[in-house]
Amino acid sequence: MTDRNDSALIVLLNMVGVAVSYGLLGISLWLSTEVPLATKGFWAMGILLLTLSLINVVKYRFDARSSEDRIRKIEEVRNEKMLEEALRDEV
């Protein structure tokens, strides 16, 4: 149960960090007067697309790890079942 609470706290801290980073970035883009509006828009699009790409990478890594864990659990159950059958055959 403490692992779940710790994970929730870590996720919350990361989300706050991302929100603060976006806020500060927005303020810096808004206040920079020497940069043209088109360049600001280009930077903003690049940052948003980079964020989407990072979310996808993390999701696919999580899915791959979940799949590996599922396969490992299936193999463990299969091995246990084979051991039980082998022990029953010996007796």
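Cut-off values and rules
Residues numbered from 1 in each chain as written. Predicted model: local features only at pLDDT ≥ 70, side-chain atom pairs only at ≥ 80, totals over all residues. Heavy atoms only, no water. Helix = DSSP H or I, 4+ residues; strand = E, 2+ residues; numbered from the N terminus. Rg over C-alpha atoms; globule rule 2.2 N^0.38 Å. Buried < 20%, exposed > 50% of the residue type's maximum accessible area, 1.4 Å probe, protein only. Areas by Shrake-Rupley, 256 points an atom, 1.4 Å probe, with all protein chains shown as cover. Lys, Arg positive; Asp, Glu negative; His and termini not counted. Charge placed at Lys NZ, Arg CZ, Asp CG, Glu CD. Salt bridge = Lys/Arg side-chain N within 4 Å of Asp/Glu carboxyl O. 1 Å grid on protein atoms, 1.4 Å probe; cavity = no way out; pocket = protein on both sides within 12 Å on 5 of 7 lines; lining within 4 Å. Points joined across faces, edges and corners; volume = space filled by probe spheres on them. Nonpolar A, V, L, I, M, F, W, Y, C, P; charged D, E, K, R; others polar.

### Side note on the overall build of the protein
No. 1: When you go through the protein residue by residue, the secondary structure sums to two helices and zero strands.
No. 2: Relative to the globule expectation of 12 Å for 91 residues, the C-alpha radius of gyration of the protein, 24 Å, shows a markedly less compact shape.
No. 3: Counting only C-alpha atoms and orienting by the principal axes, one finds that the protein spans roughly 85 × 30 × 10 Å.
No. 4: Taking all 91 residues of the protein together, the buried fraction comes to 4%.
No. 5: Put simply, the protein shows about 8,500 Å² of open surface, and 68% of that area lies on carbon and sulfur atoms.
No. 6: Of note, the protein has its 11 positive side-chain charges centred 7 Å away from the centre of its 13 negative side-chain charges.

### Observations regarding the pattern of salt bridges
No. 1: Here the structure, examined in full by the defined rule, presents four salt bridges.
No. 2: Taking the shortest distance from any N to any O, the salt bridge between Lys-59 and Asp-63 comes out at 2.6 Å. Linking Lys-59 with Asp-63, this pair stays in helix 2 (residues 37-90), spanning four residues, or about one helical turn.
No. 3: Look at Asp-63 and you get partly exposed, because its relative accessible area is 34%.
No. 4: Its salt-bridge partner being Asp-69, residue Arg-72 comes within 3.7 Å of it at the nearest N-O pair. Within this pair, Arg-72 and its partner Asp-69 are both found in helix 2, separated by three residues, close to a single helical turn.
No. 5: Looking at Arg-72, the relative accessible area reads 38%, which means it is partly exposed.
No. 6: Sharing partners across several salt bridges, the network here consists of Asp-69, Arg-72 and Glu-76.

### Quick word on the layout of surface pockets
No. 1: Estimates place the volume of the largest pocket at around 210 Å³.
No. 2: The wall of the largest pocket is formed by Val-58, Arg-61, Phe-62 and Arg-65.
No. 3: Of the residues that constitute the lining of the largest pocket, the class distribution is two nonpolar, no polar and two charged.
No. 4: Its boundaries defined by the atoms lining it, the second largest pocket holds a volume of some 170 Å³.
No. 5: Classifying every residue of the lining of the second largest pocket gives three nonpolar, one polar and no charged.

Purely spatial values, then, with no claim about function.
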